[in-house]
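Take a look at the letters that make up each chain.
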Amino acid sequence: MLEVKDLHVTVEGKEILKGLSLTVNPGEVHAIMGPNGAGKSTLSAVIAGNEGYEVTSGSITFEGQDVLEMEIEERAQAGLLLGFQYPVEIPGVKNVYLLKAALNAQRAARGEGEMPAPEFMKLVREKLAYMKMDPSFLQRAVNEGFSGGEKKRNEILQMLVLQPKLAMLDEIDSGLDIDAMKVVAEGVNSLRDSERAILMVTHYQRLLDYIEPDYVHVLVDGRIVKSGDKTLALELESRGYEWVTEESAA
Amino acid sequence: MATEEMEQLVRREYTQGFVTDIESETVPPGLDESVIAFISQKKGEPEWMLEWRLDAYQQWLKMKAPSWAHLNYPPIDYQAISYFSAPKSKDDAPKSLDEVDPKLLETYEKLGIPLHERAALAGVAVDAVFDSVSVTTTFKEKLGEAGVIFCSISEAIRDYPELIKQYLGTVVPKADNYFAALNSAVFTDGSFVYVPEGVTCPMELSTYFRINAANTGQFERTLIICEKQAQVSYLEGCTAPMRDENQLHAAVVELVALEDAYIKYSTVQNWYPGDEEGRGGIYNFVTKRADCRGDRSKVSWTQVETGSAITWKYPSCVLRGKDSVGEFYSVAVTNGRQQADTGTKMIHIGEGTKSTIVSKGIAAGNSEQAYRGLVKIGPRAKGARNFTQCDSLLIGDRCGAHTFPYQEIGNSSATVEHEATTSKIGEDQLFYCRQRGISEEDAVNMIVNGFCKDVFQELPMEFAVEAEALLNVTLEGAVG
Ligand SMILES: Nc1ncnc2c1ncn2[C@@H]1O[C@H](COP(=O)(O)OP(=O)(O)OP(=O)(O)O)[C@@H](O)[C@H]1O
Ligand SMILES: [Mg+2]
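The rules behind the values
- Residues numbered from 1 in each chain as written.
- Chains lettered and ligands numbered in written order.
- Predicted model: local features only at pLDDT ≥ 70, side-chain atom pairs only at ≥ 80, totals over all residues.
- Heavy atoms only, no water.
- Contact = heavy atoms within 4.5 Å.
- Buried area = accessible area lost by both parts, 1.4 Å probe.
- Salt bridge = Lys/Arg side-chain N within 4 Å of Asp/Glu carboxyl O.
- Helix = DSSP H or I, 4+ residues; strand = E, 2+ residues; numbered from the N terminus.
- Nonpolar A, V, L, I, M, F, W, Y, C, P; charged D, E, K, R; others polar.
- Pairing = 2+ DSSP bridges.
- Axes fitted to C-alpha atoms, helices over the stretch in contact; angles between N-to-C directions.
- Core = buried A, V, L, I, M, F, W, Y, C linked by side-chain atoms within 4.5 Å.
- Buried < 20%, exposed > 50% of the residue type's maximum accessible area, 1.4 Å probe, protein only.
- Phe/Tyr/Trp six-rings, centres within 6.5 Å; stacked < 30°, edge-to-face > 60°.
- Lys NZ or Arg CZ within 6 Å of the ring centre and 35° of its normal.
- Donors = N, O, S within 2.8 Å, 3.2 Å for Na, K, Ca; no water.
- UniProt positions renumbered as here; feature names shortened; annotations may be inferred.
- Near = heavy atom within 4 Å.
- Polar contact = N/O pair within 3.5 Å; in protein donor to acceptor, adjacent residues only side chain to side chain.
- Areas by Shrake-Rupley, 256 points an atom, 1.4 Å probe, with all protein chains shown as cover.

Trainee: Residue-level account of the interface of chain B and chain A, with values.
Mentor: Many descriptions give the size of an interface as the accessible area lost when the pieces come together. Of the residues lining the interface, 17 residues belong to chain B; the matching set on chain A comes to 33 residues. Between chain B and chain A the total buried area reaches about 2000 Å² when both faces are included, carbon and sulfur atoms providing 63% of it. When the area that chain B buries against chain A is broken down by residue, the three leading residues are B:F431, B:Y432 and B:R436, summing to 38%. Joining chain B to chain A, the criterion identifies four salt bridges. Of the charged contacts in the structure, one is a salt bridge between A:E73 and B:R434, with a shortest N-O distance of 2.5 Å. Counting residues per element, the ones that place at least two in the side of chain B that touches chain A are helix 11 (427–434) and helix 12 (440–456) of chain B. Of the residues belonging to the side of chain B that touches chain A, the class tally is seven nonpolar, five polar and five charged.

Trainee: Outline the sheet that holds strand 4 (residues 54–62) of chain A, supporting the account with residue identities and numerical values.
Mentor: Sheet strands line up and pair through hydrogen bonds in the backbone, either parallel or antiparallel. All names here are of chain A. Judged by pairing direction, the sheet is antiparallel, and its four strands sit side by side in the order 2-1-4-5 without closing on themselves. If you trace the sheet from one side to the other, it starts and ends with strand 2 (14–24) and strand 5 (65–66), each paired once. One ladder, built from seven bridges, connects strand 1 (residues 2–11) with strand 4; its direction is antiparallel. Bridge assignment links T10 to a residue of strand 4, and that residue is E54. Of the strands in this sheet, strand 1, strand 2 and strand 4 are in contact with helix 1 (residues 40–48), which crosses strand 1 at around 110 degrees.

Trainee: Tell me about the nonpolar core, residues and numbers included.
Mentor: Grouped together as the largest cluster of nonpolar side chains are 114 residues, with contacts concentrated most on A:L2, A:L7, A:I47, A:L166, A:M200, B:I362 and B:V448. The residues contacting A:L2, other than those within four sequence positions of it, are A:L22, A:T23, A:V24, A:I47, A:I60, A:T61, A:F62 and A:L166. Judged by nonpolar contacts, the second largest core, of 49 residues, contains B:V35, B:W52, B:Y167 and B:F192.

Trainee: Give me the packing of aromatic side chains: which residues, what numbers.
Mentor: What the rule picks out here adds up to 15 aromatic pairs over all chains. Between B:W312 and B:Y314 the ring centres are 5.4 Å apart and the planes differ by 85 degrees, which places this aromatic pair in the edge-to-face class. Classification of B:Y314 as buried rests on a relative accessible area of 8%. Clustering of aromatic rings is evident, with ring pairs tying together B:Y57, B:W60, B:Y78, B:Y178, B:F179, B:F285, B:W312 and B:Y314. In this arrangement the basic side chain of A:R239 is found over the ring face of A:W243, its NZ or CZ atom lying 4.2 Å from the centre. A cation over a ring is seen here: B:K298 above B:Y262, with NZ or CZ 4.9 Å from the ring centre.

Trainee: Requested: an account of the coordination of the magnesium ion (ligand 2), with residues and values cited.
Mentor: Each donor-metal-donor angle in an ideal tetrahedron of four donors is 109.5 degrees, and each such angle in an ideal octahedron of six donors is either 90 or 180 degrees. Residue and element names in this part refer to chain A. Coordination sphere of the magnesium ion (ligand 2), protein contribution only: S41 (OG) and Q85 (OE1), at 1.9 to 2.6 Å. Highlighted residues: S41 in helix 1 and Q85 in the loop between strand 6 (80–83) and strand 7 (90–94), separated in sequence by 44 residues. Look at S41 and you get partly exposed, because its relative accessible area is 27%.

Trainee: Any details on the UniProt feature "domain: ABC transporter" (unreviewed entry) in chain A? Residues and values, ideally.
Mentor: What UniProt calls "domain: ABC transporter" (unreviewed entry) maps, in this numbering, to residues 2–246 of chain A. Structurally, residues 2–246 of chain A is divided into 40% helix and 29% strand, and its ends, taken at the C-alpha atoms, are 29 Å apart.

Trainee: Break down the site of ligand 1 for me, citing the residues and quoting the values.
Mentor: Residue and element names in this part refer to chain A. In the vicinity of ligand 1, 15 residues are found, and the nearest of them are I16, K40, S41, T42 and H203. With respect to ligand 1, the side chain of N36 contributes an N or O atom lying 3.0 Å from an oxygen atom. A distance of 3.2 Å is found between an oxygen atom of ligand 1 and a side-chain nitrogen or oxygen belonging to E171. The protein chains hide 66% of the 640 Å² of surface that ligand 1 would expose on its own. Every element with two or more residues in the shell around ligand 1 is listed here: strand 2 and helix 1. By residue number, the principal contributor to the shell around ligand 1 is helix 1, which donates three residues.

Have a look at this one:
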């Protein structure tokens, strides 16, 4: 469903992704690991359409569509959603309002009408309970004054309401306590089905204990230098990244 | 005021404004004592009023236009303006909505302006407004029963001379500033409200103005008096952009609140800002001031400013009464080549006086805006408090926002807090919203409305909704 081919990306003249390729099929869960500054967030940001990056060559397609030709919102409407490493605060805009606007925008793009308010509220409350969040979060301004962990839960709440085809999660586990980690992982797992795929960036095996990946990729210096199954993550955990880098250089 | 009088007034207003056969009487451009005498006579004013005007004129002659505001505009030729024009002939007006600029109609549509009001606002020479006469009459009846006087200022000068003599010019003195002096000499339109002791005005004084807004004058004069324990909520203006040939507008608004009275004055201003280059837009130089004379009296100014080429306006409160309260909530939006210099003055004189200022400025396009606020605490204002919050939001990088807070604190027991922020509309906020599937335009609107929320919630309900719609229309195409 997602096909990234020989992607080169620069930021302010500096090349960050240097020929990255990746294929994700429906039903799969991919984990991307790698040292700080390797380009992991850059990859998900470019797929999501962040305009701060320049794609100098290569291609990205999603369900046959040329992603690089699509507006940010069109990508989201097509089912490509990014859970942010640092969710953004929007003062004065209620969380529930953002959810509603997003859901209805996506429905409109699919040619569906607005979801009636009672149905919407029922849906949101259900998902909120699933994420073990207090209903008061709906009335608060988007991410404003949320703790780090609450912001991450809120990202997953949005995913549960919007039901993306491909959920990209950038360090969704950072800043979570152990209980919150479980809640977030359960939220993500509930998205798993044969039609949907998940692409997650993480540094820690712990998240992968809860969300078992089908594939693990190691991203070093702008390229995927090694791919494997979930055992690769365990190996990385015990041996670090250096051996992978050396192996690929050899 | 008796009901019949109210009805008569309504009839007269409409007769003056909307019957097709009125001879247009316009004095030639220019200003001298004979022009002022002409205006006074046309309005059927008593001799003392003419003297009042002439005195203002003499003082104006000695004054200079202010040059300190953060604005740029070519000097105004005051001899090129015509200071009295009776209702304009309808010959030049569009005959039907088909002849009106489709863009304007589109805007009405987006704002949800009722059909029967659109024609009036666009200046169409039909009697569409008569539809609303019956509405207005019921309205007047209700006010009459409560004893509330609500009429044009000219009417009040003829019918309530004692009230006028007692209050006119006591809040904004004739020579207060250049534009106030000019207004005092030549004002021709405006409203008068008197709420008697203990009366809470039974309705928002607003509907009336939406309907009559198309008739807004160039030099308006408004006077609102709230007696002890009286209350009124007054809404001025209109969310629909109005056609107007007068480039210069210089209004004066005076509010008087006696003991325990409460006046809430809300403004939604959306005059023509001019074309892309700023040509043809309206210059809006307004003096608005409230005098909280009575103990525990309270005045709240709430304004949403989106129109005009140039706005120069500082609604202020003089907090004289003990424990009196002044509030100022403002949203100013500028786009294109608009310039706005707005803010407020809170003058604390009495003990225990309190004021709150919340100002939200949004600049887009090539526009420039400035917030200018003065908080002055006098020596007798023991325990006075002020809280000021002043936030600016920039959309794009060709616009500017400037904040000039002034404080004069003459009493050590006072508490004055000031918070100010300037932020660019976050690329990251936009990205976040769009990454959820929301279009760029909707995302901008959402973020801007969120930014203004503290002010919008002060507006009367129906106008809060309109104000949001208005903001969205004003910022259309501001990004991208
Ligand atoms: N706007 C920018 N200006 C300059 N350099 C940038 C910019 N954005 C990203 N970079 C650089 O690109 C490189 C890759 O950044 P990226 O955020 O993708 O790394 P990451 O793999 O997600 O790292 P981490 O594990 O620390 O989150 C880094 O060296 C970073 O400093
Ligand atoms: Mg990262």
